[in-house]
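# An overview of the molecular structure
Each chain, written out:
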Amino acid sequence: MTRRARDPGRPTVTLIPGDGIGPEVTSAAVEVMEAAGASLEWDVQLAGKAALERGGDPIPEALLNSMKRTRLALKGPLETQVGRGYRSLNVTLRKMFDLYANVRPIRSLEGVKSAFSGVDLIVVRENTEDLYSGIEHQVAPGVVESVKVITARASRRIARHAFQLATREKRRTVTAIHKANIMKLSDGLFLACARQEASKYPRVKYREMIVDNACMQLVLRPQEFDVLLLENLYGDIISDLCAGLVGGLGVVPGANLGDRYAIFEAVHGTAPDIAGKNVANPLAVIFSGIMLLRHVGQRRVADRVEGAVHKLLAAGTHRTHDLGGRATTSAVTQRLIALL
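With that settled, the discussion passes to the environment of A73. Tracing the sequence through the fold places A73 in strand β3 (residues 72–75). Setting aside chain neighbours within four positions, we find A73 in contact with V13, T14, I16, M67, A262, I263, F264 and L292.

Here it is in structure tokens:
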């Protein structure tokens, strides 16, 4: 993928290939989207381990300038070291561009083996605060404190986003998930703000559920859920749990949305053990590309790509290893293009 001269009649998207399998799956997504007729320009920018190795900075200034210019990105997975190294780049980008809403549609797909059918829900997760604020310190040797930050401003706007999404997508119910029985002030504030926003949308049913009960109900009766509204940490955990209900992170897209910027991304990891082997599943980033296309108003192209993906999965002949098959990344990509 190379940077192209900008056409003012086409939206420009900052393309972040990512680490590990990222370049392979993002390249596949771009190829499929363009074959479907997407009218987009791509500004390729490195981030994460690849950027660190090339220029010594995991979030280069060139990437930030590109995002400020385009306000739109498609991103592959970025490496986050556990317990050491630089801070999560995903968290950093979300906070830097105030991408306060993490949205993940979770749907059962024909041809994808899973424990359930008929799952169709959307996880709406607050994306900028909670325990992910990164406020930690050592109180004494062997004692560490992490600060959970919940604000009325952030709670109100994520609740508003959930109800607006429910209204726009003709969803029936928004369920706020919490632990206010224990964290009465922080989660209590989150619930109070959710209730205030719920009162403005009388056509959308509002309910509340304690997070541990919600986890149990999700693995018993996921079909009964519609839109889930969560704080940052609960949303991170439950969104991956929900992905497991429909076949895994390889078939689930993600969007990080703010008032001015948007980043669409595959939500799986970098999978360094299979990087460069042409066996990675590109569908998560392709589904994320579908969300991007709808975001910029290219709904017809998005529908074409989505239709091709559904045909491919239903046929069952082109599945990567994580979905029980032996197809390569390039074989899946070329088959999707043929179906278009």
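That covers the picture; the talk isn't over yet.
We now examine the packing of helix α1 (residues 22–35) against helix α11 (residues 329–339). Between α1 and α11, whose axes approach to 9 Å, the crossing angle comes to 10°. What the angle tells us is that α1 and α11 run roughly parallel. Listed contacts from α11 to E24, A28, E31, V32 and A35 of α1 are T329, T333, Q334, L336 and I337. Of the residues belonging to the contact of α1 with α11, the class tally is five nonpolar, three polar and two charged.

One open sheet accounts for ten strands, arranged β2-β1-β3-β12-β11-β4-β5-β10-β8-β9; its pairing is mixed. Looking at which strands have only one partner, the edges of the open sheet turn out to be β2 (41–44) and β9 (205–210). Strand-to-strand twist in this sheet, taken as the mean axis angle between neighbours without regard to direction, amounts to 25°. Strands in contact with helix α6 (residues 186–198) are β8 (173–178), β9 and β10 (227–230); relative to β9, the strand with the most contacts, it is inclined by about 170°. In this fold helix α8 (residues 232–245) packs onto β4 (101–107), β5 (120–126), β8 and β10, with an angle of close to 155° to the strand it touches most, β5.

Right, let's talk about unusual backbone geometry for a bit. Not every positive phi belongs to a glycine, and R71 is a case in point at roughly 60°. Looking at the element boundaries, R71 is found in the loop between α3 (61–70) and β3. Positive phi, close to 45°, is recorded for A271, a residue that is not glycine. On the secondary structure map, A271 appears in the loop between β12 (262–266) and α9 (283–295). Owing to a relative accessible area of 23%, A271 belongs among the partly exposed residues under this scheme.

Relative to each other, helix α5 (residues 152–168) and α6 sit at 40°, their axes nearing to 8 Å. On the basis of their axis angle, the class for α5 and α6 is oblique. Crossing of α5 over α6 shows right-handed handedness. Of the residues in α6, those in contact with A152, S155, R156, I158, A159, R160 and F163 of α5 are L189, F190, C193, A194, Q196, E197 and A198.

Further remarks concern the packing of aromatic side chains. This structure, assessed with the given rule, holds three aromatic pairs. Judged by centre distance (4.9 Å) and plane angle (55°), the ring pair of F97 and Y261 falls under tilted. A residue pair is termed long-range when its members are at least 10 positions apart, and F97 in the loop between α4 (89–96) and β4 and Y261 in the loop between β11 (253–257) and β12 qualify at 164 residues. The burial state of F97 is the same as that of Y261; both residues are buried. With centroids separated by 6.0 Å and ring planes inclined at 45°, the aromatic side chains of F163 and Y206 adopt a geometry described as tilted. Placement of the pair is F163 in helix α5 and Y206 in strand β9, with a sequence separation of 43 residues. Y206 sits in the partly exposed class, given a relative accessible area of 22%. Ring-pair connections join several aromatic residues into one group, and the members of that group are F163, Y201 and Y206. The aromatic ring of F225 is capped on one face by R207, whose charged end is 5.0 Å from the ring centroid.

Rules of the game
Residues numbered from 1 in each chain as written. Predicted model: local features only at pLDDT ≥ 70, side-chain atom pairs only at ≥ 80, totals over all residues. Heavy atoms only, no water. Helix = DSSP H or I, 4+ residues; strand = E, 2+ residues; numbered from the N terminus. Contact = heavy atoms within 4.5 Å. Axes fitted to C-alpha atoms, helices over the stretch in contact; angles between N-to-C directions. Parallel < 35°, antiparallel > 145°, perpendicular 65-115°, else oblique. Nonpolar A, V, L, I, M, F, W, Y, C, P; charged D, E, K, R; others polar. Pairing = 2+ DSSP bridges. Buried < 20%, exposed > 50% of the residue type's maximum accessible area, 1.4 Å probe, protein only. Left-handed = near helix turned anticlockwise from the far one by under 90°. Phe/Tyr/Trp six-rings, centres within 6.5 Å; stacked < 30°, edge-to-face > 60°. Lys NZ or Arg CZ within 6 Å of the ring centre and 35° of its normal.

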